[in-house]
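# Fold and contact review
Take a look at the letters that make up each chain.
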Amino acid sequence: MGEIISKYALQYGYGIATTLILAVVGTVGGFFIGILLGVGRTLKSRSTDSKFMKILKKVINTICNGYIWIFRGTPMMIQGMIFFLAIPVDWVRDFGSDIIFNGYLLCGSIVIILNTGAYIGEIIRGGMESIDKGQ
């Protein structure tokens, strides 16, 4: 067991660092997107709103609904494949090729941020709608 650990210690360390980077970046980035989505989903038009504001709130609500529907409804592996294949290869290669931060990690971070944002947006929306109007 000690021989395996000493032989593959660098790979284990790389895997742990990559996992921690993806977890922190995905959670923090997804939180900010989730706040915007949660607030956008709770916008309701009032009778005192102008016609422009009613249309604007409906458009924002529709965009937020579509975003959440797409990112919660498709598997993360498919999202990763789409983003990795959609970003130009030269740009990903030029962005970074060092051990910790490379193009694969960039695409993974983007996908995790967008996916986590959709889930956190629903959590925030549910939390906001559970509170009574008077509070």
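Scroll up for the structure.
Just so we're clear, the structure is a prediction, and the values are computed from it rather than from any experiment.

Rules and cut-offs
- Residues numbered from 1 in each chain as written.
- Predicted model: local features only at pLDDT ≥ 70, side-chain atom pairs only at ≥ 80, totals over all residues.
- Heavy atoms only, no water.
- Helix = DSSP H or I, 4+ residues; strand = E, 2+ residues; numbered from the N terminus.
- Expected span 1.5 Å × (residues − 1).
- Buried < 20%, exposed > 50% of the residue type's maximum accessible area, 1.4 Å probe, protein only.
- 1 Å grid on protein atoms, 1.4 Å probe; cavity = no way out; pocket = protein on both sides within 12 Å on 5 of 7 lines; lining within 4 Å.
- Points joined across faces, edges and corners; volume = space filled by probe spheres on them.
- Phe/Tyr/Trp six-rings, centres within 6.5 Å; stacked < 30°, edge-to-face > 60°.
- Salt bridge = Lys/Arg side-chain N within 4 Å of Asp/Glu carboxyl O.
- Core = buried A, V, L, I, M, F, W, Y, C linked by side-chain atoms within 4.5 Å.
- Contact = heavy atoms within 4.5 Å.

## Remarks on helix α3 (residues 51-73)
In a regular helix each residue adds 1.5 Å, so 23 residues correspond to 33 Å; α3 covers 32 Å between its end C-alpha atoms and thus fits that length. Three or more residues of α3 are buried, namely K57, N61, C64, Y67, I68 and F71.

## Regarding the layout of surface pockets
Space inside the largest pocket adds up to approximately 320 Å³. Surrounding the largest pocket, T42, L43, K44, S45, R46, K57, M128, E129, I131 and K133 form its lining.

## Observations concerning helix α2 (residues 9-41)
Taking 1.5 Å of rise per residue, the 33 residues of α2 would be expected to cover 48 Å, and the 46 Å separating its terminal C-alpha atoms lies within 8% of that figure. Of the positions making up α2, those classed as buried are T18, L22, G26, G29, G30, G34, L37, G38, G40 and R41.

## Topic: the packing of aromatic side chains
In the structure shown here, the tally under the stated rule is 2 aromatic pairs. When the ring of F31 is compared with that of F32, the centres are 5.9 Å apart and the planes differ by 65°; the resulting orientation is edge-to-face. F31 sits in the partly exposed class, given a relative accessible area of 40%. The exposure class of F32 is exposed, given its relative accessible area of 53%. When the centroid spacing of 4.6 Å and the interplanar angle of 40° are considered together, the rings of Y67 and F71 count as tilted. Of the two residues, Y67 and F71 are both situated in helix α3; the distance of 4 residues between them amounts to about one turn of the helix. The class for F71 is buried, based on a relative accessible area of 12%.

## Some details on the pattern of salt bridges
Under the counting rule described, the total for this entry stands at 6 salt bridges. The partner of D49 in a salt bridge is K57, and the shortest N-O contact between them spans 2.8 Å. There is no split in this pair, since D49 and K57 are both buried. Of the charged contacts, one joins E129 and R125 as a salt bridge, the two residues approaching to 2.7 Å between their closest N and O atoms. Residue E129 and its partner R125 are located together in helix α6 (residues 103-129), separated by 4 residues, close to a single helical turn. Overall, E129 belongs to the partly exposed group, its relative accessible area being 42%. A single network of salt bridges, built from pairs that share partners, joins R41, K44, R72, E122, R125 and E129.

## Comments concerning the nonpolar core
Counting 7 residues, the largest nonpolar core is built from L37, C64, Y67, I68, F71, L114 and A118. Secondary structure elements with two or more residues in this core: α3 and α6. Per-element accounting of this core gives the leading share, 4 residues, to α3. Discounting residues that sit within four places of it in the chain, Y67 has contacts with I33, L37, L114 and A118.

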